[in-house]
Amino acid sequence: MRQGVIEENAGGMWLWLLQRLTAVVLIVGLAVHIVATHVLNLGELSYDNVAGRLAMPLFVVVDFALLGAGIFHALNGLRMVLLDYGFSGRSKTMLSWGLFVFGVAAFGYGAWALWPWLTA
Amino acid sequence: MPEATFRIKRHNPEKLDDQNGTGDDRYDDFTVPYESSLTVLEGLFYIQENLDGSLSFRYCCRAAVCGSCAMYINGTYRLACQTNVRHLDDGPITVEPMPHMPVVKDLVCDMTDFFAKYETVMPHIIRNSAPPEKEIIQSPEDRKKLDMPVDCILCGSCYSSCPSVWGEGNYLGPAALLKAYRFEVDSRDEARKERLPRFDNERGSYRCHTITNCVEACPKELNPTEAIQWLKGAAVRRRLLGRAK
Ligand code: HEM
Ligand code: SF4
Ligand code: FES
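Residues numbered from 1 in each chain as written. Chains lettered and ligands numbered in written order. Predicted model: local features only at pLDDT ≥ 70, side-chain atom pairs only at ≥ 80, totals over all residues. Heavy atoms only, no water.

Peer 1: Looking at this structure, how should I read the site of ligand 1?
Peer 2: Surveying the vicinity of ligand 1 reveals the residues Trp16, Gln19, Arg20, Ala23, Leu26, Ile27, His73, Ala74, Gly77, Leu78 and Met80 of chain A together with His209 of chain B. One chain alone does not account for the residues near ligand 1; they come from chains A and B. Contact distances for ligand 1 include 2.7 Å between a nitrogen atom and a side-chain N or O atom of histidine 73 of chain A. Between histidine 209 of chain B and ligand 1, the recorded distance is 3.2 Å, taken from a side-chain N or O atom to an oxygen atom. Secondary-structure elements contributing two or more residues to the shell around ligand 1 are α2 (13–39) and α4 (57–83) of chain A. Per-element tally for the shell around ligand 1: the top contributor is α2 of chain A, with six residues. (Near = heavy atom within 4 Å. Polar contact = N/O pair within 3.5 Å; in protein donor to acceptor, adjacent residues only side chain to side chain. Helix = DSSP H or I, 4+ residues; strand = E, 2+ residues; numbered from the N terminus.)

Peer 1: Can you help me understand the confidence of the model for chain A in this one?
Peer 2: Low-pLDDT stretches of the model should not have their predicted coordinates read in fine detail. Residues with a pLDDT of 70 or more make up 97% of chain A, whose mean pLDDT is 89. The weakest mean pLDDT in chain A belongs to helix α1 (residues 5–8) of chain A at 83; the strongest belongs to α4 of chain A at 94. (pLDDT = per-residue confidence, 0-100.)

Peer 1: Even after reading the chapter, I still don't get the coordination of the iron atom of ligand 1, so can you show me in this structure?
Peer 2: Working reference: metal with six octahedral donors, ideal angles 90 or 180 degrees; metal with four tetrahedral donors, ideal angle 109.5 degrees. Exactly one protein atom donates to the iron atom of ligand 1; that atom is His73 of chain A (NE2), 1.9 Å from the metal. When you line up the elements, histidine 73 of chain A lands in helix α4. (Donors = N, O, S within 2.8 Å, 3.2 Å for Na, K, Ca; no water.)

Peer 1: Hey, could you run me through the pairing of strand β4 (residues 76–79) of chain B in this one?
Peer 2: Every regular strand shows the same layout, with side chains that alternate between the two sheet faces. Residue and element names in this part refer to chain B. Where burial is concerned, the two faces of β4 differ: the one with Tyr77 and Leu79 is buried and the one with Thr76 and Arg78 is not. Here strand β3 (residues 70–73) pairs with β4 via four bridges, running antiparallel. Bridge assignment links alanine 70 to a residue of β4, and that residue is leucine 79. Two successive antiparallel strands, β3 and β4, enclose a turn made up of two residues, where asparagine 74 displays a positive phi of approximately 50°. (Buried < 20%, exposed > 50% of the residue type's maximum accessible area, 1.4 Å probe, protein only. Pairing = 2+ DSSP bridges.)

Peer 1: Sorry if this is basic, but what is going on with the interface of chain B and chain A here?
Peer 2: Frequently, the measure chosen for interface size is the accessible area that the parts lose on association. With 23 residues of chain B in contact, the opposing surface of chain A contributes 21 residues. Contact between chain B and chain A buries roughly 1,900 Å² in total, counting both sides, with carbon and sulfur atoms accounting for 57%. Ranking the residues of chain B by area buried against chain A places Asn170, Glu202 and Arg203 of chain B at the top, with a combined share of 31%. The partner of lysine 92 of chain A in a salt bridge is glutamate 202 of chain B, and the shortest N-O contact between them spans 2.9 Å. Contributing elements (two or more residues each) for the side of chain B that touches chain A: α2 (112–120), α7 (196–199) and α9 (224–239) of chain B. Per-element tally for the side of chain B that touches chain A: the top contributor is α9 of chain B, with six residues. Looking at the side of chain B that touches chain A residue by residue, the classes come out as six nonpolar, seven polar and 10 charged. (Contact = heavy atoms within 4.5 Å. Buried area = accessible area lost by both parts, 1.4 Å probe. Salt bridge = Lys/Arg side-chain N within 4 Å of Asp/Glu carboxyl O. Nonpolar A, V, L, I, M, F, W, Y, C, P; charged D, E, K, R; others polar.)

Peer 1: How do you make sense of the packing of aromatic side chains when you look at a structure like this?
Peer 2: Aromatic ring pairs are described here by two measures, namely the spacing of the ring centres and the angle between the planes. Inspection of the entire model under this criterion finds 13 aromatic pairs over all chains. Between the aromatic rings of tryptophan 97 of chain A and phenylalanine 100 of chain A, the centroid separation amounts to 5.6 Å while the plane-to-plane angle is 85°, which identifies the pairing as edge-to-face. In this pair, tryptophan 97 of chain A and phenylalanine 100 of chain A both sit in helix α5 (residues 89–119), three residues apart, roughly one turn of the helix. Centroid distance tyrosine 181 of chain B to tryptophan 230 of chain B: 5.2 Å. Interplanar angle 80°. Geometry classified as edge-to-face. Separated by 49 residues along the polypeptide, tyrosine 181 of chain B in helix α6 (residues 173–184) and tryptophan 230 of chain B in helix α9 bring together distant segments of the chain. What makes tyrosine 181 of chain B buried here is its relative accessible area of 12%. Since its relative accessible area comes to 27%, tryptophan 230 of chain B is described here as partly exposed. Taken together, the ring pairs in this structure connect Phe114, Phe115, Tyr118 and Tyr159 of chain B into an aromatic cluster. (Phe/Tyr/Trp six-rings, centres within 6.5 Å; stacked < 30°, edge-to-face > 60°.)

Peer 1: Is there a simple way to explain the domain arrangement of chain B in this structure?
Peer 2: Residues and elements named next belong to chain B. Domain annotation of chain B identifies domain 1 (3–109) and domain 2 (112–239). On a C-alpha basis, the centres of domain 1 and domain 2 stand 30 Å from each other. Each partner contributes residues to the interface: domain 1 has 12 residues there, and domain 2 has 12 residues. Taken together, the two surfaces of domain 1 and domain 2 that pack against each other cover about 970 Å², and 62% of this comes from carbon and sulfur. Taken as a group, Tyr77, His100 and Met101 account for 47% of the area that domain 1 buries against domain 2, more than any other trio of residues on that side. Linking domain 1 with domain 2 are zero salt bridges, by the criterion used here. Classifying every residue of the side of domain 1 that touches domain 2 by side-chain character gives nine nonpolar, three polar and no charged. (Domains from an automatic or database assignment.)

Peer 1: Hey, could you run me through the pattern of salt bridges in this one?
Peer 2: Residue and element names in this part refer to chain B. Under the defined criterion, the tally for this structure stands at 22 salt bridges over all chains. One salt bridge in this structure joins aspartate 28 and arginine 26, with 2.9 Å as the shortest N-O distance. The exposure class of aspartate 28 is buried, given its relative accessible area of 16%. Across the pair arginine 143 and aspartate 147 runs a salt bridge, and its minimum N-O distance is 2.8 Å. The structure contains a network of salt bridges with shared partners spanning Arg10, Lys15, Asp24, Arg26, Asp28, Asp52, Lys105 and Asp106.

Given below as structure tokens:
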């Protein structure tokens, strides 16, 4: 084992904990999402009905939580997988920052799509 | 007299620079007669004494307590001294060194990294308070928590079987982390900041993705995965919730 490896790889608790917490958000959020859209069939399938539902405070909260949790969970999961392919030191830092920037951009794009229902 | 055929994977480091540079890797068959019962380790002794004196393997206690003789026997991690050929399937008995490990010779693996990682987690009781007059008292309930992890004999089977170790040579691996757990759950241990950063990092507990190959591999039927999950939780309990242990 190379000297200094443990020191270079300090941390990891927050990412692990957030992976767990976002997994819980995904279970609950996806359940709400699937039940509301596919099981309950609130009203008929029309633009006004869907728009009305998307603007309800509960769905605004659920949708933003799902957006954030989904992006974090997927990209952090991807990072875990990629770390098995020899990222360490500088390349590991670059990988983490790359995924972070991509995640923020993806969240911004998603928020932009959800924005009209926030202000509706 | 019954006979057992041993099909043994050979590797000779002195032949590493031969034509194909493979260390003369091959499988050799040996026929071993026995009376009523025979362990794989006894079979290896017979071969070494009577058929091929160059066969190399590790052993010490012959009683499943030292962990030296872990091998890949018929595609399963087993202790050679604890494996009776009567309990194996008919046909040749394949004996290989533990896979995914550097091989020194024949069935002998290089355990340098394995033990370096074991030492990394400070595998000993750490005390910060003044020593008591007599022994350090431990309740039977607290002792019970050690029942599983103290049975580890550092054979390396779990370590050899772990895909996270294959992928990342600097990952501590299941045995070292199980050892960290063994001291972290010990009521006599008072380590607060000493051991924690050694397992709570991305080459420590967080590199475990609960694949559980180690649980299947362990010849002592221990559960390193559960211990590692406990360590992940322990870091949260101690760093975020301020618990002493
Ligand atoms: C019901 C929803 C989900 C739950 C409960 C869940 C749960 C989890 C948990 C607990 C982990 C941590 C594993 C570990 O500690 O090593 C994890 C890792 C991961 N998740 Fe999810 N997840 C869900 C959905 C998703 C989705 C939708 C994706 C993909 C877009 C995903 C991709 C990943 C990946 C790639 C990992 C890393 C695997 C690894 O540990 O190597 N998950 N998930
Ligand atoms: S946990 Fe089991 S397989 Fe791993 S080193 Fe200890 S005894 Fe061997
Ligand atoms: S020789 Fe000690 S465990 Fe087999």
